[in-house]
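The lines below spell out each chain.
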Amino acid sequence: REAKGFDPALARHYAALGLPLGSGAAVVRAKYLELLLEELPSNGGDQEDLERVLSAYEAIASSFAQHQRSTYRTAATVAAGTIFVAIPVYRDQDVAETVRGLYESASEPGRVFCGLALQYVRARPTEVTRLFPKTNRLTAEVENEAVRALQASGGEMDEAQIQQYLDSNKKGQMDLQGKEQQEEARRHSPKAFVPAAYQANVREIHLDHAAAEGPSYARHVAEGLWAGEQYILHVDAHTCFAEGWDSALISQLEQCPSEKPV
């Protein structure tokens, strides 16, 4: 089997997106969205080129999904009664309690598999940002102090002096921001919160928060980690589970008078 994204049959589809064979999912997605806007007829694009872009992305994305499923698919995942729980996460520390509760409250936790689409600040920012609460408070204090100093000087402080004061505080802001980013990354690492007995049942995809496209796409990404389990359940990253939730849901589903109840 070819490595993910390197199937020669995909070469023309990658070429249609202007990408080299084997480009990763994040790169492919970003390029697809860029070309999608360019080729929309309402934006002056060409319908045939638009259809070519759509077809190319669908082919590559389908290949990625098939490769992913075959990677995770085992006799255990396709056994009768297995449950796949898809959880999209956007900078939500409550995911730890959600996943712990998922397994600790299940009547048969061994049949529960979980797919996490983890979106968070993955890289340490190179400038002071508004992404972290403690850093935000420190930044507000620094800015307010600069305003007070300007007012106390009767407006005699010039722009260079104000900037010098702001720069003198930047290291403290950056250090605090770095610590908050590291803590956020730790809180989005399943090894830190998934019960050891069930870590093999948890699959994960890590995405930078800046690439987030909203809850619908995040659910799609999480569901892409499905490996053939009989049941699929979508929940949010701050869900609480009742005792025996797995047996209760399957029992309720079986009581529905339809093969495909909604």
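One can find the structure itself at the top, above this paragraph.
Computed from a predicted model, the values in this text were never measured in an experiment. For every chain, the first residue of its written sequence is number 1, and the numbers climb from 1 along that sequence. Local features in a predicted model are, by the rule used here, given only for residues with pLDDT of at least 70; side-chain atom pairs are given and counted only at 80 or more, and totals for whole chains, interfaces and linings are based on all residues. Side-chain descriptors were evaluated using all non-hydrogen atoms of the structure, hydrogens and water having been removed beforehand.

## Some points on the pairing of strand β2 (residues 112-120)
Walk down a regular strand and you will see the side chains alternate between the two sheet faces. Stated precisely, the cut-off is as follows: Exposed residues in this analysis have more than 50% of their type's maximum accessible area, buried residues have under 20%, and partly exposed residues fall in between, with area computed by a 1.4 Å probe over protein chains only. Per the convention used, a helix needs a DSSP run of H or I reaching at least four residues, while a strand needs a run of E reaching at least two, with both numbered from the N terminus. At least two DSSP bridges between two strands are needed for those strands to be called paired. Clockwise travel from the first strand over the helix to the second, with the strands pointing away from the viewer, marks a crossover as right-handed.
Among the nine residues in β2, nine count as buried, and that is most of the element. Alternating residues of β2 divide into Val112, Cys114, Leu116, Leu118 and Tyr120 and Phe113, Gly115, Ala117 and Gln119, and every residue in both groups is buried. In this structure, strand β1 (residues 83-90) lies alongside β2, joined through eight bridges in parallel fashion. Following the sheet pairing, Ala86 is matched in β2 by Gly115. You can see the chain leave β1, run along helix α4 (residues 95-104) and come back into β2, and the turn it takes is right-handed. Where β2 lies against strand β3 (residues 202-208), seven bridges are found, and the strand directions are parallel. Bridging across to β3, Ala117 finds its partner in Ile205.

## A short note on helix α2 (residues 25-39)
Here is the rule: Each residue after the first adds 1.5 Å to the expected span of a helix. Along the arc lie the directions from the helix axis toward the C-beta atoms. Contacts between residues were defined by any pair of non-hydrogen atoms, one from each residue, lying within 4.5 Å.
Taking 1.5 Å of rise per residue, the 15 residues of α2 would be expected to cover 21 Å, and the 21 Å separating its terminal C-alpha atoms lies within 8% of that figure. Restricting attention to buried positions, one finds in α2 the residues Val28, Arg29, Tyr32, Leu35 and Glu39. Looking down the long axis of α2, one finds its buried residues gathered within 135° of arc, a one-sided arrangement. Those residues of α2 that are exposed and angled more than 90 degrees off the buried face are Ala26 and Leu37. In the core, the buried residues of α2 are packed alongside α1 (11-16), α3 (47-72) and α8 (215-223).

## Here we look at the packing of helix α5 (residues 133-152) against helix α7 (residues 170-187)
Packed helices, taken two at a time, are described by the angle between their axes plus the distance between the axes. This is how the line gets drawn: All axes are obtained by fitting lines to C-alpha atoms, using only the stretch in contact for helices, and the reported angles, taken between N-to-C directions, cover 0 to 180 degrees. An angle counts as roughly parallel when it lies under 35 degrees, as roughly antiparallel when it exceeds 145, as roughly perpendicular when it falls between 65 and 115, and as oblique in every other case. For any helix crossing, the convention is left-handed if the near helix is rotated counterclockwise from the far helix by under a right angle, and right-handed if that rotation is clockwise. Any residue that is not Ala, Val, Leu, Ile, Met, Phe, Trp, Tyr, Cys, Pro, Asp, Glu, Lys or Arg is counted as polar, Gly included; the first ten are nonpolar and the last four charged.
Close contact between α5 and α7 brings their axes to 8 Å; oriented N to C, the two are set at 165°. It follows from the interaxial angle that α5 and α7 lie roughly antiparallel. α5 and α7 meet at a crossing whose hand is left-handed. Contacts between α5 and α7 pair Pro133, Lys134, Thr135, Leu138, Thr139 and Val142 from the former with Gly172, Gln173, Leu176, Gln177 and Glu180 from the latter. In the contact of α5 with α7, the residues fall into four nonpolar, five polar and two charged.

## A word on the packing of aromatic side chains
Applied cut-off: Pairing of aromatic rings covers Phe, Tyr and Trp, the last counted by its six-membered ring, and requires centre-to-centre distances within 6.5 Å; plane angles under 30 degrees mean stacked, over 60 mean edge-to-face, and any other angle means tilted.
Counted under the stated rule, the structure contains three aromatic pairs. With a centroid separation of 3.9 Å and 10° between ring planes, the pair formed by Tyr32 and Tyr57 is classed as stacked. In this pair, Tyr32 is assigned in helix α2 and Tyr57 in helix α3, connecting sequence segments 25 residues apart. The two residues Tyr32 and Tyr57 agree in class, both being buried.

## Thoughts on the sheet that holds β1
The parallel open sheet is built from four strands, whose spatial order is β3-β2-β1-β4. Looking at the sheet topology across the chains shown, the edges are occupied by β3 and β4 (231-234). This sheet shows a mean twist of 15° between the axes of neighbouring strands, independent of strand direction. This element, helix α9 (residues 245-254), spans β1, β2 and β4 of the sheet and lies at about 110° to β4.

## Observations concerning the pattern of salt bridges
Pairs may arise between side chains of opposite charge once their charged atoms sit close together. For the record, the criterion: Salt bridges are identified by distance alone: a Lys or Arg side-chain nitrogen within 4 Å of an Asp or Glu carboxyl oxygen.
Enumeration over the complete set of coordinates arrives at 15 salt bridges. Residues Glu143 and Arg130 are paired through a salt bridge, measuring 3.1 Å at the closest nitrogen-oxygen approach. Remark: Arg130 occurs in the loop between β2 and α5 and Glu143 occurs in helix α5; sequence separation between them is 13 residues. A residue is classified by how much of its surface remains accessible, and Glu143, at 35% relative accessible area, is partly exposed. Through salt bridges with shared partners, a single ionic network connects Glu108, Arg111 and Asp246.

Nothing here speaks to function; it is geometry throughout.
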